[in-house]
Amino acid sequence: MSTQCRLETGSEWIELSTTDDDWEAADPALLGTMLAELHLIRAFEETVLELAAEGLVHGPAHSSIGQEGGAVGSIVGLRPTDAVNGSHRGHHQFLAKVFTYVSGGVIDPAAPVTPKIADVLQRTLAEILGLAQGYCRGRGGSMHLQWHEAGALGTNAIVGGGVPMATGNAWAQKHGATDDLTISYFGDGASQIGSVLESMNLAAAWKLPVCFFIENNLYAVSTHVDEVTADPRLSVRGQGFGIPGWRVDGMDPLAVYLATEQAAERMRSGNGPAIVEAEVYRFFHQNGPYPGSAFGYRDKAEEAHWRSRDPLDSTAAQMIRLGLIDETGVDELRRQAQEAMVTAAAELLEADPGVPGKRRIRPELWPDPSFVNVGVRGDSSELQSLTVLEPTEHEGAWRKAKFVDAVAGVMDRRMATDERIVIFGEDVHRLNGGTNGATKGLAKYGGDRLVGTPISENAFAGLGGGLALDGRFRPVVEFMYPDFMWVAADQVFNQIAKARHMFGGDNPVPIVLRTKVAMGTGYGSQHLMDPAGIFATSPGWRIVAPSTAADYVGLMNAALALDDPVLVIEHVDLYGIIGQVPEGDLDYIIPPGRAVVRRSGTEVTVISYLSMVERCVEAVEQTGLDAEVIDLRWLDRASIDWDTIQTSVRKTNAVLIVEQGAQGSSYGGWLADEIQRRMFDWLDQPIERVSGEEASPSISRILERAAIAGTEEIVDALEKIRRGMGRS
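Residues numbered from 1 in each chain as written. Predicted model: local features only at pLDDT ≥ 70, side-chain atom pairs only at ≥ 80, totals over all residues. Heavy atoms only, no water.

I would appreciate a short explanation of the nonpolar core in the present structure.
One broad rule of soluble globular proteins: the nonpolar side chains tend to lie buried together. Counting 213 residues, the largest nonpolar core has Leu-125, Trp-171, Ile-645, Tyr-667, Leu-671 and Ile-675 as its most contacted members. Top element by residues in this core is helix 2 (residues 28-53). It accounts for 13 residues. Non-local contacts of Trp-171, meaning those with residues more than four positions away in its chain, are made with Trp-206, Leu-208, Val-422, Phe-424, Asp-448, Val-451, Leu-463, Leu-467 and Phe-473. Of all hydrophobic cores here, the second largest spans 21 residues; its members include Ala-619, Val-658, Val-690 and Val-715. (Core = buried A, V, L, I, M, F, W, Y, C linked by side-chain atoms within 4.5 Å. Buried < 20%, exposed > 50% of the residue type's maximum accessible area, 1.4 Å probe, protein only. Helix = DSSP H or I, 4+ residues; strand = E, 2+ residues; numbered from the N terminus. Contact = heavy atoms within 4.5 Å.)

Looking at this model, I keep getting lost on empty space enclosed by the protein. Mind explaining?
Vacant regions in the atomic arrangement are exposed by a probe of water-molecule size rolled over the atoms. The full count for this structure, using the stated rule, is five cavities of 30 Å³ or more. The calculated volume of the largest cavity comes to roughly 150 Å³. Residue lining of the largest cavity: 16 residues in total, with Asn-85, Leu-153, Met-165, Leu-469 and Phe-503 positioned closest to the centre. At the level of elements, strand 3 (152-155), helix 6 (163-175), helix 13 (457-470) and helix 14 (489-502) are the ones that each hand at least two residues to the lining of the largest cavity. Here the residues of the lining of the largest cavity sort into seven nonpolar, eight polar and one charged. Quantified by volume, the second largest cavity comes out at close to 80 Å³. Around the second largest cavity sit 14 residues that line it, and Asn-436, Glu-478, Arg-514, Lys-516 and Tyr-575 are the ones nearest its centre. With three residues, the top contributor of residues to the lining of the second largest cavity is strand 16 (residues 512-517). Each residue belonging to the lining of the second largest cavity can be placed in one class, and the counts come to four nonpolar, six polar and four charged. (1 Å grid on protein atoms, 1.4 Å probe; cavity = no way out; pocket = protein on both sides within 12 Å on 5 of 7 lines; lining within 4 Å. Points joined across faces, edges and corners; volume = space filled by probe spheres on them. Nonpolar A, V, L, I, M, F, W, Y, C, P; charged D, E, K, R; others polar.)

It is not clear to me how unusual backbone geometry should be interpreted in this structure. Could you clarify?
Trans is the prevailing form of peptide bonds, just as negative phi is the prevailing case for residues other than glycine. Located in the positive-phi region is Leu-586, a residue other than glycine, with phi close to 55 degrees. Tracing the backbone through its elements, the reader meets Leu-586 in the loop between strand 19 (578-582) and strand 20 (596-599). For Leu-586, a relative accessible area of 9% gives the class buried. With a phi close to 65 degrees, Asn-653 is a non-glycine residue in the positive phi region. Topologically, Asn-653 is positioned in the loop between helix 19 (642-652) and strand 23 (655-658). What makes Asn-653 buried here is its relative accessible area of 19%.

Teacher, can you tell me more about the sheet that holds strand 2 (residues 83-86) here?
Backbone-to-backbone hydrogen bonds join strands into a sheet, with any given pair of strands oriented parallel or antiparallel. With parallel pairing, the seven strands of this open sheet are ordered in space as 1-8-9-5-4-2-3. Edge positions in the sheet fall to strand 1 (13-16) and strand 3, since each of these pairs with one other strand and no more. On average, each strand axis in the sheet is inclined to that of its neighbour by 15 degrees, with strand direction left out of account. Inspection of the sheet shows strand 2 paired to strand 4 (residues 182-187) by three bridges, in the parallel sense. Considered in strand 4, the bridge of Val-84 is made with Ile-183. Lying over the sheet, helix 7 (residues 194-206) contacts strand 4, strand 5 (210-216) and strand 9 (274-279), oriented at roughly 150 degrees with respect to strand 5. (Pairing = 2+ DSSP bridges. Axes fitted to C-alpha atoms, helices over the stretch in contact; angles between N-to-C directions.)

Explain the UniProt feature "domain: Transketolase-like pyrimidine-binding" (unreviewed entry) in the protein chain to me, please; I cannot follow it from the model alone.
Mapped onto this numbering, the UniProt entry annotates "domain: Transketolase-like pyrimidine-binding" (unreviewed entry) at residues 401-577. Split by type, residues 401-577 is 37% helix and 17% strand. Its first and last C-alpha atoms lie 8 Å apart. (UniProt positions renumbered as here; feature names shortened; annotations may be inferred.)

What is the right way to read the layout of surface pockets from this model?
Here the largest pocket defines a volume of roughly 460 Å³. Ser-547, Thr-548, Ala-549, Ile-577 and Glu-614 are the residues nearest the centre of the largest pocket, which is lined by 22 residues in total. Among the elements of the structure, helix 16 (549-561), helix 17 (572-575), strand 19 and helix 18 (612-623) are those that each provide at least two residues to the lining of the largest pocket. If one sorts the elements of the lining of the largest pocket by residue count, helix 18 sits on top with four residues. Residue classes in the lining of the largest pocket are distributed as eleven nonpolar, six polar and five charged.

Honestly, the side chain of Thr-167 in this entry has me stumped. Any pointers?
Topologically, Thr-167 is positioned in helix 6. Looking at Thr-167, the relative accessible area reads 1%, which means it is buried. In terms of polar contacts, Thr-167 uses its side chain to reach the backbone carbonyl oxygen of Val-163, at 2.9 Å. Not counting residues within four places of it along the chain, the set of residues in contact with Thr-167 comprises Ser-199, Leu-202, Ala-203, Leu-208, Phe-212 and Leu-463. (Polar contact = N/O pair within 3.5 Å; in protein donor to acceptor, adjacent residues only side chain to side chain.)

How should I be thinking about the pattern of salt bridges in this particular structure?
In total, this model carries 48 salt bridges according to the counting rule given. Between Arg-359 and Glu-54 there is a salt bridge, with the nearest N and O atoms lying 2.6 Å from each other. Highlighted residues: Arg-359 in strand 11 (residues 359-361) and Glu-54 in the loop between helix 2 and helix 3 (68-75), separated in sequence by 305 residues. The partly exposed category is assigned to Arg-359, whose relative accessible area is 30%. Relative accessible area serves as the criterion here: at 33%, Glu-54 is assigned to the partly exposed category. In this structure, Lys-720 engages Glu-688 in a salt bridge whose closest nitrogen and oxygen atoms are separated by 3.5 Å. With Lys-720 in helix 22 (residues 711-724) and Glu-688 in strand 24 (residues 688-690), the pair connects residues that are 32 residues apart, well separated along the chain. (Salt bridge = Lys/Arg side-chain N within 4 Å of Asp/Glu carboxyl O.)

Even after reading the chapter, I still don't get the packing of aromatic side chains, so can you show me in this structure?
The relative placement of two aromatic rings is captured by the distance of their centres and the angle of their planes. Applying the stated rule across the entire model yields 21 aromatic pairs. For the ring pair Trp-171 and Phe-424, a centre distance of 5.4 Å and an interplane angle of 75 degrees mean the geometry is edge-to-face. In this pair, Trp-171 sits in helix 6 while Phe-424 sits in strand 13 (residues 421-425), placing the two residues 253 residues apart along the sequence. According to the relative accessible area criterion, Trp-171 is buried, its value standing at 2%. (Phe/Tyr/Trp six-rings, centres within 6.5 Å; stacked < 30°, edge-to-face > 60°.)

I would appreciate a short explanation of the environment of Gln-622 in the present structure.
Looking at the secondary structure, you find Gln-622 in helix 18. Sequence separation between Gln-622 and Ile-325 is 297 residues, and the spatial gap between their C-alpha atoms is 90 Å.

Explain the packing of helix 7 against helix 13 here, please?
For any two helices packed against each other, one specifies the crossing angle of their axes together with the interaxial distance. For the pair helix 7 and helix 13, interaxial distance at closest approach is 8 Å and the crossing angle is 70 degrees. The angle between helix 7 and helix 13 places the two elements in the roughly perpendicular class. Each of Ser-195, Glu-198, Ser-199, Leu-202 and Trp-206 in helix 7 lies in contact with helix 13, whose residues at this interface are Glu-457, Asn-458, Ala-459, Phe-460 and Leu-463. Residue composition of the contact of helix 7 with helix 13, by class: five nonpolar, three polar and two charged. (Parallel < 35°, antiparallel > 145°, perpendicular 65-115°, else oblique.)

Please clarify how the environment of Arg-449 should be interpreted in this entry.
Relative to the assigned elements, Arg-449 resides in the loop between strand 13 and strand 14 (450-452). Judged by relative accessible area, Arg-449 falls into the buried class, the value being 15%. Between the C-alpha atom of Arg-449 and that of Ile-423, which follows or precedes it by 26 residues, the distance is 5.9 Å. Setting aside its immediate chain neighbours within four residues, Arg-449 contacts Met-415, Asp-418, Glu-419, Arg-420, Ile-421, Val-422 and Ile-423.

Explain the pairing of strand 22 (residues 627-631) to me, please; I cannot follow it from the model alone.
For a regular strand, the rule is simple: side chains alternate between the two faces of the sheet. By the criterion of burial, strand 22 is predominantly enclosed, with five of the five residues buried. Alternating positions in strand 22 separate into two faces, Ala-627, Val-629 and Asp-631 on one and Glu-628 and Ile-630 on the other, with burial throughout. Across five bridges, strand 21 (residues 604-608) lies against strand 22 in parallel orientation. If you follow Thr-605 over to strand 22, its bridge partner there is Glu-628. Assessed by its sense of winding, the connection that carries the chain from strand 21 through helix 18 to strand 22 is right-handed. (Right-handed = clockwise from strand over helix to strand, strands pointing away.)

Pasting the structure below:
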């Protein structure tokens, strides 16, 4: 017969409850601060629901009433340099962190509303109403609250979406030689999400000081946690990753405080992440001022049970028992908190002259409509002090260099001169330079700067985003193939791309994503795409696509110096080509707005990028047309060189846009539309385009070639343009 042995994970899993002794041993100033913050947050949330009922909150009002104990208990003991981020239901997390920051960690419950506290209440309410004086200038609203100075990294409307970003912030804290920590708040619904579990694994593997704080309020909108997981004890999630967990009553702020202090001791000591699960209860529905029972998914008896455990009442009762406050003092605390919110609202609202008895937002407080696009990306002024070099005009010495060696060489130079640069990616630290040699020679910088990642694109992409927002490092994240970025689409498009604009337009997000187009290599439908078209229509990204080794150096240097997210696209067809780069230290840049004419001509403007540029030159020579070939280099809307394109179109009056990739995700479709809008009067015939077919490339050599564009397709398009000119 087989033998069996019961195995243990080795990771602690603790349920923590308080006793009267814990309350008696607690610092009275701590208890008073907790009670004050609980009441300030409750009054704030009641005001938000009141304004929502009046139709003054544009969008959702995800109230945290009932859940305040978890946020206050876990944040009240944090340092100003510790950080938090949270979910769409995050008013209480944001306010608790900011109150603790502006108060120095101590609030007198007898006089809780200082000028700084009053300012926080007004600015937070202004943000939720979408007004210019809000922390994010009205762009964040209820679900995107950020004040970086206070360690409030930003709440997040994508369930679980902020967790990888918080993990990145913790990486920065650890490698910035601090013992600070980050707490990421999410709910029971997010506990089943891949990005959360990926982040747990990554944080455990790298021993990052991040606390995964689960606010288990039992319901993801109306779906009970028992319906979606076999084990609703959510703090058990960490056992599979070697992460200890604490389970605690979230209606007891002191219990949450004590559990968080134990978890914090582990994190500050360099032992890695922790999980805290706080059992809480939202008194209202997912959104708005009605209880869940009004929608049929909860019964009134359940709601009454949880209301009887209100953290405001239980905390006050303990403090009354200890003689630290009396009922009159509690009533006065509530009155002052409510009065502060009446004052905050009055400064933002006025009587509506058109509707008697109604209020409206003061018109002068709205953001100016001209602010709508400000901060989608920066103004690139950070490049002004750098040396610009146009390789086609370089008159100095050259040296031969294989394209892929230029990729590794410029990264080597930048890592040697800028200790902030850190590279993340699958296998980048192995195989003598990764899967293609792009990181060859970089292992000498050590495992803290050339970091091999798990196969968890959501986690390491989001970690890079959080690291960029922290500001102490400049992450370079490699995706082995572009298709893999769609595994991490939330982090790439919802988080990294939108962060600067969403949080007010000021936050630098200096991150570089590297990837390679591999069409023609036989890797099939899920490895070969060209991502340019999709990124070009996603606001926030800059895009570079070099076609020569010398261009790669200048474009990558610019990408690494910009304070914006930059996608650097490479092509495997170029890696083995021996070109040349200027002699010297590879320190020059090619800034945004700098295309280059690879061949001058008068009859048609041919526009392309990457390896297709040389294919265009070949096709032009075969047809005999006097075509002008433009290599875009920068592809995004803000960085494209419209002047060079317009000068050429005014001369040729005809345009051909060439790309290799599929029709559906076409870059040329967007570009053709923009050119005809800008230059319609100069066009003598419709813009022609060359692209691949609708289908993704297949494994079959024949079908792969049929799916992608090459020199032959460019020749056919040029001949069509020739016929459009009335020539045979």
